[in-house]
Amino acid sequence: MTTEGCLLFQVFGLYKGIGSPMMGLTFINAIVFGVQGNAMRMLAHDTPTNQFFAGAAAGAIQCVICCPMELAKTRMQMQGTGEKKSSRKLYKNSLDCLVRIYNREGLRGVNRGMVTTLIRETPGFGVYFLSYDVLTRGLGCEPNDRYMIPKLLFAGGMAGIASWLSTYPVDVIKSRLQADGLGGVHQYSGIADCVRQSVRREGYMVFTRGLTSTLLRAFPVNAATFATVTLILIHARGVEEGPKDCESQPSSL
């Protein structure tokens, strides 16, 4: 392989498994903000506590898409690891990955890691919306505020960081369980066994592995997500009819 070919392969390797999150992210955001908004209407009162419960409900429901999506992403990223022939591929793409897992293991295989995903997403999204609500109330951003967009970006980014910090250890275990079984070899018998083996081999710092890169990604992604949703809702309603506080915007979906 030429030098240019090696470089191109390495660059594309950085995007291995990107098809699965791109395929499911739109549906996940639609479910999350839609369920959260309807839950807030049912709860009637816009309080930080209700924001937490509405976010937790949204996080739990979106696991139906999130779990298989992340399973496919993990398997796509792991295939070829440790093999001498890098051209050998078990899966063509994310959809092919899920189809093959289903044919081999059924629905149980496609939903591998569902329990840990629920444990991560339910409180994680509760903290997500709670943090955004508290920050936007504290910053006092309003539709006519000239600094509204920077405030929304900051609040959304920090909400994403708070969410990941609250559940990251669970994400480590979830990822290991979903990667387990690749090539037909299962290393863990369950969640408790995965925790036990991981701590025994790598110590308690295993639960912070990859945290820095995750937080660096979380801030811009969630800043853009919350700011975009809020601004679209403000313009869709009209500034005059929109609520005064920015934190109430996502709950109106």
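Residues numbered from 1 in each chain as written. Predicted model: local features only at pLDDT ≥ 70, side-chain atom pairs only at ≥ 80, totals over all residues. Heavy atoms only, no water.

**Quick word on the nonpolar core**
In terms of nonpolar packing, the biggest core is built from 20 residues, with Val32, Phe33, Tyr128, Phe129, Tyr132, Leu152 and Phe226 touching the most fellow members. When residues of this core are traced back to their parent elements, those giving at least two are helix H2 (19-43), helix H4 (63-78), helix H6 (114-139), helix H7 (148-179) and helix H9 (211-237). Ranked by residue count, the leading element in this core is H9, at 5 residues. Excluding anything up to four places from it in sequence, Val32 contacts Ala58, Gln62, Phe125 and Phe129. (Core = buried A, V, L, I, M, F, W, Y, C linked by side-chain atoms within 4.5 Å. Buried < 20%, exposed > 50% of the residue type's maximum accessible area, 1.4 Å probe, protein only. Helix = DSSP H or I, 4+ residues; strand = E, 2+ residues; numbered from the N terminus. Contact = heavy atoms within 4.5 Å.)

**Some points on the pattern of salt bridges**
All chains considered together, the criterion is met by 13 salt bridges. Between Arg104 and Glu105 there is a salt bridge, with its nearest N and O atoms 3.9 Å apart. One network of salt bridges, with partners in common, ties together Glu70, Arg120, Glu121, Asp171 and Lys174. (Salt bridge = Lys/Arg side-chain N within 4 Å of Asp/Glu carboxyl O.)

**Some remarks on the packing of aromatic side chains**
Per the stated rule, a full pass over the model turns up 9 aromatic pairs. Judged by centre distance (5.7 Å) and plane angle (75°), the rings of Phe52 and Phe53 are edge-to-face. Here Phe53 falls in the partly exposed class, since its relative accessible area comes to 49%. Ring centres of Tyr132 and Phe226 lie 3.7 Å apart, and the angle between their planes is 5°; this geometry places the pair in the stacked category. Placement of the pair is Tyr132 in helix H6 and Phe226 in helix H9, with a sequence separation of 94 residues. Phe226 shares its class with Tyr132; the two are buried. (Phe/Tyr/Trp six-rings, centres within 6.5 Å; stacked < 30°, edge-to-face > 60°.)

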